[in-house]
Amino acid sequence: MTVRYVPVIGLEIHVQLATESKLFCRCSADYFGKAPNAHICPGCMGLPGAMPILNGRAAELAVRAGIALSCKIRDRLYFDRKHYFYADLSKAYQISQDGRPVAEGGLLKIRSDDGTLKPVRITRLHLEEDAGKLVHSAADGRLEGAENSYADYNRGGMALAEIVSEPDLSSPGEAREYAARIRQLVRYLAVSDGDMEKGSLRVDANVSVKQVDADTGEVLAWSARAEVKNMNSLRALERALEYEIRRHREALASGERLERETRHWNEAEGVT
Ligand SMILES: [Zn+2]
């Protein structure tokens, strides 16, 4: 029996919206490269009594992107609190849209590896807040000699749209093409600057591989899904997926069982 290995990939793309202020407060969104904690207020820090007020411009940009992706647009906005406890989130919850995203059920056509047009289904697009950033002494020249971690909340509360695709992508090249098309779309619509180096467009990939009987098409086995983060360019996305698919194939071929897990791309070493 001959077997084939078919990658199954879905992407979650976080796009920083091109607003003047944050999602639920009046802090300036022009925070990049600014002094730590210079762009914060009781609202985005989640101090008791502070009331979030939605930035209407952010909603407008999310709807604009949703329409361009042929999504169904909800006529009311709903928000949820996603609770998690980590030092980059001073509020201990993120305001997001869980059950009722602003846009869902869309489609984006991409050029697939064989040159044909391929529809990629968009599961949803929702609004949410960004988290702050932890700065570790080793990674930041300003803190040379220190051995501490510092919390910078300037990014906390920034307006994001998260665009989630169905697992319709079947190669690293297709994933790259899809991410490039999303970036082009948000730039063209002035929804975001789409700058991956500055982190205004961040891609997480969900990947697994299925083992298929080449003659009958029957699916013989699936590898456990891995979520891969920390790719800072389209090239890094492609490389990370190539690495990850190879790892899954080898596991399937040898009968090794993989854990479902989240992995970080290490650009320097070329591994996840
Ligand atoms: Zn604020």
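Since the structure is predicted, the reported quantities are computational estimates derived from the model, not experimental observations. Once a new chain begins, its residue numbering starts again from 1 and follows that chain's sequence as written. Reporting of local features is limited, given that this is a predicted model, to residues whose pLDDT is at least 70; pairs of side-chain atoms are given and counted only at 80 or more, and all residues count toward the totals for whole chains, interfaces and linings.

**Quick look at the overall build of the protein chain**
Then comes step 1: Strands are runs of DSSP state E lasting at least 2 residues, helices are runs of H or I lasting at least 4, and numbering of each runs from the N terminus. Scanning the protein chain from terminus to terminus reveals 4 helices and 13 strands.
Then comes step 2: Burial is judged by counting other C-beta atoms within 10 Å of a residue's own C-beta: 20 or more means buried, 12 or fewer means exposed, and anything between counts as partly exposed, with every C-beta placed from the backbone. Buried residues in the protein chain amount to 35% of all 272 residues.
Then comes step 3: Whether two residues are in contact is decided by their C-beta atoms, placed from the backbone, lying within 7 Å. Restricting the contact set of the protein chain to residue pairs at least 6 apart, pairs at least 24 apart contribute 71%.

**Concerning the nonpolar core**
Inside soluble globular proteins, nonpolar side chains tend to come together where they are buried.
Then comes step 1: Each nonpolar core consists of buried Ala, Val, Leu, Ile, Met, Phe, Trp, Tyr and Cys residues. Their C-beta atoms, within 7 Å, join them into a set. The biggest cluster of nonpolar side chains holds 55 residues, and the ones touching the most others in it are Ala62, Leu125 and Ala205.
Then comes step 2: In this structure Ala205 touches Ile9, Leu11, Ala175, Val228, Leu237, Ala240 and Leu241, once residues within four positions along its chain are discounted.

**Here's the deal with the pairing of strand E1 (residues 3-16)**
Then comes step 1: Pairing between strands is defined by DSSP: at least two bridges between the two strands are required. As paired strands, E1 and strand E10 (residues 201-213) are joined by 13 bridges and run antiparallel to one another. If you follow Ile9 over to E10, its bridge partner there is Val207.
Then comes step 2: Alignment of E1 against strand E9 (residues 159-165), held across 5 bridges, turns out to be antiparallel. In the sheet register, Gln16 faces E9, and the bridge partner there is Leu160.

**A short note on helix H2 (residues 56-68)**
Then comes step 1: Across its 13 residues, H2 extends 19 Å between first and last C-alpha, which sits within 8% of the 18 Å expected from 1.5 Å per residue.
Then comes step 2: Among the residues making up H2, those that are buried are Ala58, Leu61, Ala62, Val63, Ala65 and Gly66.
Then comes step 3: The inward-facing, buried residues of H2 contact strand E2 (72-73), strand E5 (103-111), strand E6 (117-129), E9 and helix H3 (172-188).
Then comes step 4: In the stretch just after H2, Ser70 is the one whose phi turns positive, near 60°. Here the expected span of a helix is defined as 1.5 Å times the quantity of residues minus one.

**Brief notes about the packing of H3 against helix H4 (residues 234-254)**
Then comes step 1: Helix axes are fitted to C-alpha atoms over the stretch in contact, other axes to C-alpha atoms as well, and angles between N-to-C directions run from 0 to 180 degrees. Contact pair H3 / H4: the axes reach a minimum separation of 9 Å and the direction vectors enclose 155°. Considered as vectors, H3 and H4 are oriented roughly antiparallel to each other. The handedness of the crossing between H3 and H4 is right-handed. Mapping the contact onto sequence places Pro172, Gly173, Ala175, Arg176, Ala179 and Ala180 in H3 and Leu234, Leu237, Glu238, Leu241 and Glu242 in H4. Small angles under 35 degrees read as roughly parallel and large ones over 145 as roughly antiparallel, with 65 to 115 read as roughly perpendicular and the rest as oblique. Each helix crossing is assigned a hand: it is left-handed if the near helix lies turned anticlockwise from the far helix by less than a right angle, otherwise right-handed if that turn is clockwise.

**Some points on H4**
Then comes step 1: Compared with the 30 Å implied by 1.5 Å per residue over 21 residues, the 30 Å span of H4 between its first and last C-alpha is a close match.
Then comes step 2: Within the span of H4, buried status applies to Leu237, Ala240, Leu241, Glu244, Ile245, His248 and Leu252. End-on, the buried residues of H4 take up no more than an arc of 130°, which puts them together on one face. Seen from the open side of H4, the exposed residues pointing more than 90 degrees away from its buried face are Arg235, Arg246, Ala253 and Ser254.
Then comes step 3: Buried residues belonging to H4 abut E1, H3, E10, strand E11 (219-222) and strand E12 (226-231).
Then comes step 4: Looking one or two places after H4, you find Gly255, whose phi comes out positive at around 80°. In this description, the arc belongs to the directions extending from the helix axis to the C-beta atoms.

**Section: the environment of Ile73**
Then comes step 1: Looking at the secondary structure, you find Ile73 in strand E2.
Then comes step 2: Between the C-alpha atom of Ile73 and that of Ala103, which follows or precedes it by 30 residues, the distance is 4.6 Å.
Then comes step 3: Those residues in contact with Ile73 that lie beyond four places of it in its chain are Val63, Gly66, Ile67, Val102 and Ala103.

**Observations regarding unusual backbone geometry**
Then comes step 1: Phi at Asn37 is positive, roughly 60°, even though this residue is not glycine.
Then comes step 2: Topologically, Asn37 is positioned in the loop between E1 and helix H1 (42-45).
Then comes step 3: In the Ramachandran plot, Ser70 falls in the positive-phi region, its phi being about 60° despite a non-glycine side chain.
Then comes step 4: Residue placement: Ser70 occurs in the loop between H2 and E2.
Then comes step 5: Overall, the presence of 15 C-beta atoms within 10 Å leaves Ser70 in the partly exposed class.

**Things to note about the environment of Glu166**
Then comes step 1: Structurally, Glu166 can be placed in the loop between E9 and H3.
Then comes step 2: Take Glu166: there are 16 C-beta atoms within 10 Å of it, and that puts it in the partly exposed class.
Then comes step 3: For the pair formed by Glu166 and Arg124, sequence separation is 42 residues and the distance between their alpha carbons is 9.0 Å.
Then comes step 4: Those residues in contact with Glu166, other than ones at most four positions away along the chain, are Gly10, Arg121 and Thr123.

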